[in-house]
Amino acid sequence: MQNNFRYIIGVMSGTSLDGVDFVYVQFDNQDYKKFKILNFETISYTEKWKSDLQNAINFSSEKLKDLDFSYGRLLAKKVNDFIAKFSIDKIDFIASHGHTILHQPEKGITLQVGNGQVIADLTNQKVVCDFRTQDVAFGGQGAPLVPIGDELLFSEYDYCLNLGGFANVSYKKDNKRIAFDICPVNIVLNRYAQKLGFDYDDKGEIASKGKFLMQLESDLRLLGYYKEKPPKSLGLEWVLKEIIPRLESSKRNPADILRTFTDHAAWAIAKVFPKNAKVLVTGGGAFNDYLIEKIKREKDVKIIIPSKELINFKEALVFAFLGLLRVDNQVNCLKSVTGAKKNHSSGKIFHTKYN
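Everything in this summary refers to the structure shown in the same document. Position labels on residues start from 1 in each chain and follow its written sequence. Owing to the predicted nature of the model, reporting of local features is limited to residues with pLDDT of at least 70; listing and counting of side-chain atom pairs is limited to 80 or more, with chain, interface and lining totals taken over all residues. Each side-chain value is worked out from all heavy atoms of the structure, with water and hydrogens disregarded.

Looking at the overall build of the protein chain
(1) Moving on: Strands are runs of DSSP state E lasting at least two residues, helices are runs of H or I lasting at least four, and both sets are numbered from the N terminus onward. Looking only at helices and strands, the protein chain features 13 helices and 13 strands.
(2) Moving on: Within these notes, the globule rule equals 2.2 Å times the number of residues to the 0.38 power, and the radius of gyration is based on C-alpha atoms. Its C-alpha atoms give the protein chain a radius of gyration of 20 Å, within 12% of the compact-globule value 20 Å for 355 residues.
(3) Moving on: Overall size of the protein chain, expressed as C-alpha extent along the three principal axes, is 60 × 45 × 40 Å.
(4) Moving on: Expressed as a percentage of its 355 residues, the buried residues of the protein chain come to 59%.
(5) Moving on: We call two residues in contact when some of their heavy atoms are within 4.5 Å. At a minimum sequence separation of 6, the contacts of the protein chain that also span at least 24 residues come to 70%.
(6) Moving on: Accessible surface, the protein chain: about 15700 Å² in total, of which carbon and sulfur atoms supply 48%.
(7) Moving on: Working convention for charge: Lys and Arg count positive, Asp and Glu count negative, and His plus the chain ends are omitted. To locate a charge, the coordinates of NZ of Lys, CZ of Arg, CG of Asp or CD of Glu are taken. Averaged over its 50 positive side-chain charges, the protein chain has a centre that lies 3 Å from the centre of its 42 negative ones. Remark: exposure states derive from per-residue accessible area (1.4 Å probe, protein chains only) relative to the maximum for the residue type, with buried under 20%, exposed over 50%, and partly exposed in between. Only the protein chains shown count as cover for residues, with accessible areas throughout obtained via the Shrake-Rupley method and a probe of 1.4 Å.

As structure tokens, this is what we get:
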């Protein structure tokens, strides 16, 4: 496009299913840190789409193939709507994360739906997607992928913490970028808020009024995952197997479970940081005042809550950046983070059939 700048649309759907995030970003080719988020929007899922994506883990391979195409069509339509709404005329490409349906890297499996060729054809744009598969093929976790963005765009912070469906963290140690999923957050909290008729626990207010269930929280602390060393990552399957049965067997009301699990997440997150660490917090959980206060109470750290657009759209921004690195054939997956056998440039590139 223009020599100095690249213009990219980043598309991200997280495990918490609160919608699809779209960002339109300008990157400076001379200095990636000088990025500008020009437009942004979150588009909620219909109940039908939410249900399909939540239950796709149980779909047959044939039904998953259909979902891959139909979800690709949905994303293409929403991208076209986004382009029209903001009168966007300069686009180098679209970088789409897709939606994760299966993530079992120990079995060599990761699946994101949202077919790249369908998006390319229906938007008439080049598309970069499927960022995780190659890393898993190289023996990596295929996650987390955002740390390359933390490394190259947000290096002024000691730690970058994202509070989405899962809490994940990224930091530099011995000149290597380390990153991993810490624990589930909104993927659990939203589930119990929804039992009370809310989409999510706004500012953690329900949790703040619930009762703390000491025995349940003590039991959660014993989960084997917390003893594992990184690289490590979590998926919906693990939550359904390890977390939900424990919470359900307590037979307590959703408010008490929200209180207990929020406190538990704060404990798990805080123990990652040393005292006085400078921590950038993004993702929907950054708006959960109760959770943030509990983390501060657990550990004396400097928590930086950035602008709303960065809180909400950092992951979509970083996937736009991953796409840029892939198009330029630069490393966008770090072996120190994922455990892959080598650093590599991951993602598949799809060209529209009309060009």
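Having seen the model, we can carry on.
Thoughts on helix 9 (residues 236-249)
(1) Moving on: For helix 9, built from 14 residues, the straight-helix expectation of 20 Å at 1.5 Å per residue is met to within 8% by its first-to-last C-alpha distance of 19 Å.
(2) Moving on: Bend angle per residue: angle between axes fitted to the 7 residues ending at that residue and the 7 residues starting there. Roughly 35° is the biggest bend found in helix 9, and it falls at I243, with proline P245 one to four residues downstream.
(3) Moving on: Close packing links the buried residues of helix 9 with strand 5 (99-104), strand 9 (166-173), strand 10 (176-184), helix 6 (186-195), helix 8 (214-221) and helix 10 (254-270).
(4) Moving on: Remark: K251 follows helix 9 within two positions and exhibits a positive phi of approximately 55°. Here the expected length of a helix is defined as 1.5 Å per residue gap, with one fewer gap than residues.

Section: the sheet that holds strand 13 (residues 348-350)
(1) Moving on: Paired strands, in this sense, are two strands between which DSSP finds at least two bridges. Pairing in this open sheet of six strands is mixed, and the strands run 3-2-1-4-7-13 from one edge to the other. Two strands bound the open sheet, and with one partner strand each, they are strand 3 (36-43) and strand 13. Along the sheet, successive strands turn relative to each other by an average axial angle of 20°, direction set aside.
(2) Moving on: In terms of strand pairing, strand 7 (residues 127-129) meets strand 13 through three bridges, oriented antiparallel. For C129, the partnering residue across the bridge sits in strand 13 and is K348.
(3) Moving on: Along the sheet, helix 2 (residues 61-85) contacts strand 1 (5-13), strand 2 (20-28), strand 3 and strand 4 (93-96); its crossing angle with strand 2, the most-contacted strand, is approximately 55°. To obtain each axis, a line is fitted to C-alpha atoms, and for helices this fit is confined to the stretch in contact; angles are then taken between N-to-C directions over 0 to 180 degrees.

A closer look at unusual backbone geometry
(1) Moving on: With an omega dihedral of -15°, the bond running from A143 to P144 counts as a cis peptide bond.
(2) Moving on: Within the secondary structure, P144 sits in the loop between helix 4 (133-137) and helix 5 (147-153).
(3) Moving on: Following P230, the chain continues to P231 via a peptide bond in cis, the omega torsion being 5°.
(4) Moving on: Checked against the element boundaries, P231 lands in the loop between helix 8 and helix 9.
(5) Moving on: Backbone geometry at N175 places phi at a positive 65°, although glycine is not the residue there.
(6) Moving on: Tracing the backbone through its elements, the reader meets N175 in the loop between strand 9 and strand 10.

Observations regarding the environment of P306
(1) Moving on: Within the secondary structure, P306 sits in the loop between strand 12 (302-304) and helix 12 (308-327).
(2) Moving on: As for P306 and V279, which are separated by 27 residues in sequence, their C-alpha atoms are 11 Å apart.

A few points about the nonpolar core
(1) Moving on: What makes a nonpolar core is a set of buried Ala, Val, Leu, Ile, Met, Phe, Trp, Tyr and Cys residues whose side-chain atoms join them at distances within 4.5 Å. Core analysis: the biggest nonpolar cluster contains 53 residues, and L161, I182, I243, I269 and F273 have the highest contact counts within it.
(2) Moving on: In terms of residue count, the dominant contributor to this core is helix 10 (ten residues).
(3) Moving on: With 35 residues, the next largest nonpolar core counts V23, F131, L153 and A179 among its residues.

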